[in-house]
Amino acid sequence: MPRTILAMSHPLDLAGHCRLATGPGDLPCIHVANDLAAAEIHLNGGHVAHYQPRNDARPVLWTSGRSHWEAGQPIRGGIPVCWPWFGDSGPEGAPAHGIARTARWHWLGASALADGGTRIELGLEDEAGARRWWLHPFSLRLVLGVGHALDVALQVRNRAAEAVTWTGALHSYFAVSDARAVRVEGLEGCSYIDRLDHDAVKLQTGPVRFRAETDRIYRDSGATAWIVDEGWKRRIAVTKRGSGSTVVWNPWVAKSARMPDFGDDEWTGMCCVETARAGEDACTLGPGEGHELGVTIAVD
Ligand code: BG6
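Residues numbered from 1 in each chain as written. Predicted model: local features only at pLDDT ≥ 70, side-chain atom pairs only at ≥ 80, totals over all residues. Heavy atoms only, no water.

Visitor: I tried to follow the sheet that holds strand E2 (residues 28-33) on my own but got confused; where do I start?
Guide: Pairing between the strands of a sheet comes from backbone hydrogen bonds, and it takes one of two forms, parallel or antiparallel. Here four strands make up an open sheet; going across it, the order is E1-E2-E3-E4 and the pairing antiparallel. With one partner strand each, in any of the chains shown, strand E1 (18-22) and strand E4 (47-53) form the two edges of the open sheet. Direction aside, the axes of adjacent strands within the sheet are offset by 20° on average. With six bridges connecting them, strand E3 (residues 37-42) and E4 associate as antiparallel partners. If you follow Ala38 over to E4, its bridge partner there is Gln52. (Pairing = 2+ DSSP bridges. Helix = DSSP H or I, 4+ residues; strand = E, 2+ residues; numbered from the N terminus. Axes fitted to C-alpha atoms, helices over the stretch in contact; angles between N-to-C directions.)

Structure representation (structure tokens):
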């Protein structure tokens, strides 16, 4: 059984690496600070809201200054855990991007890693709230490694008696000097579904550059995509596993203005490169089967 944060038996301060804290909106979160990096992980959504290696002057993840910080609301930025459906592909009337990003996760444990990093484990079982939209029993684990790199592993187990199909994403938002000047490499030659052009299938030639609102599902994408940011002289490597699709998103001007939890001009400072199981890349698990959707994020 998962332990709740109020009834846990772990020491809250593990080798000085992490402690339970109160974040924006008084939300409970885990602050990680080790010799290699700092991070903030929210129990609401199992959400990594901040990650910064010690040797980098800037946060790697972007978070909106207009985000809601409320239990039951998604956090705008960081890494929302989208599951068991991606986007609006869930049941009619259900929230976008599934139930996991707004559910309250349980803190299951933490340990120091041999290289100086910290491992944190959160869990989410099928609960009454989740059952409103998703009838299949499930068990989720989110295993995070905070160190030279940030590693996020979403481990999904189907506890239903029948096969279950899900979609989802580790919807990472990255901080960039200027979205109009960065490029995303590693997706050259992939076909993609252009969600802003009636789901037309197109071919990526050269790196991805942001020139307008962008909302694409890249298919059969390779393991690593790089966000090359010459303005900040850094390159972020996004290396995924258990994922056949990569979503690239920037809302640009008009969509930013329509989103209440997104500043009108904030689109210039972010882009999303998401480790996904989206569209035809849905994952089917037989009874008792599991799958790990994972990403390692590292700054060169
Ligand atoms: C992206 C989708 O992954 O998430 C976009 O491809 C969507 O279509 C974006 O607009 C943000 O979604 P939400 O639900 O967090 O506003």
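Visitor: Can you walk me through the pattern of salt bridges in this structure?
Guide: Opposite charge on two side chains allows them to pair when their charged atoms are near. A complete count under the given rule lists 19 salt bridges for this structure. A salt bridge links Glu185 to Arg183, with the nearest nitrogen and oxygen atoms 2.8 Å apart. Its relative accessible area of 19% is what places Arg183 among the buried residues. Overlapping salt bridges bring together Arg119, Glu121, Glu125, Asp126, Arg141 and Arg159 as one network. (Salt bridge = Lys/Arg side-chain N within 4 Å of Asp/Glu carboxyl O. Buried < 20%, exposed > 50% of the residue type's maximum accessible area, 1.4 Å probe, protein only.)

Visitor: Looking at this structure, how should I read the side chain of Ser67?
Guide: Turning to its location among the elements, Ser67 is positioned in the loop between E4 and strand E5 (81-82). At 2.9 Å, the side chain of Ser67 and the backbone nitrogen of Arg76 are in polar contact. Residues contacting Ser67, with those up to four places away along its chain left out, are Pro74, Ile75, Arg76 and Asp261. (Polar contact = N/O pair within 3.5 Å; in protein donor to acceptor, adjacent residues only side chain to side chain. Contact = heavy atoms within 4.5 Å.)

Visitor: Is there a simple way to think about the packing of aromatic side chains in this case?
Guide: Any pair of aromatic rings gets described here by the distance separating the centres and the angle formed by the planes. Taken as a whole and assessed by the stated rule, the structure comprises nine aromatic pairs. Ring geometry for Tyr173 versus Trp249: centroids 6.0 Å apart, planes at 85°, classification edge-to-face. Of this pair, Tyr173 sits in strand E12 (residues 173-175) while Trp249 is found in strand E20 (residues 245-250), placing the two residues 76 residues apart along the sequence. An identical accessibility class is assigned to Tyr173 and Trp249; each is buried. (Phe/Tyr/Trp six-rings, centres within 6.5 Å; stacked < 30°, edge-to-face > 60°.)

Visitor: What should I look at first to understand the nonpolar core in this one?
Guide: Nonpolar side chains tend toward joint burial in soluble globular proteins. Core analysis: the biggest nonpolar cluster contains 73 residues, and Ile120, Leu154 and Ile227 have the highest contact counts within it. Discounting chain neighbours no more than four positions away, the residues touching Leu154 are Val81, Trp83, Trp105, Leu140, Arg141, Leu142, Leu170, His291, Glu292 and Leu293. (Core = buried A, V, L, I, M, F, W, Y, C linked by side-chain atoms within 4.5 Å.)

Visitor: Please clarify how the site of the ligand should be interpreted in this entry.
Guide: Near the ligand you find Arg76, Phe86, Ala96, His97, Arg101, His171, Arg195, Asp215, Val247, Trp249, Lys255 and Glu274, and these make up its full shell. Between the ligand and Arg76 there is a distance of 2.9 Å, counted from an oxygen atom to a side-chain nitrogen or oxygen. Asp215 is positioned with one of its side-chain polar atoms (N or O) 2.5 Å from an oxygen atom of the ligand. Taken by itself the ligand offers 390 Å² of open surface, and the protein chains cover 86% of this. (Near = heavy atom within 4 Å. Areas by Shrake-Rupley, 256 points an atom, 1.4 Å probe, with all protein chains shown as cover.)

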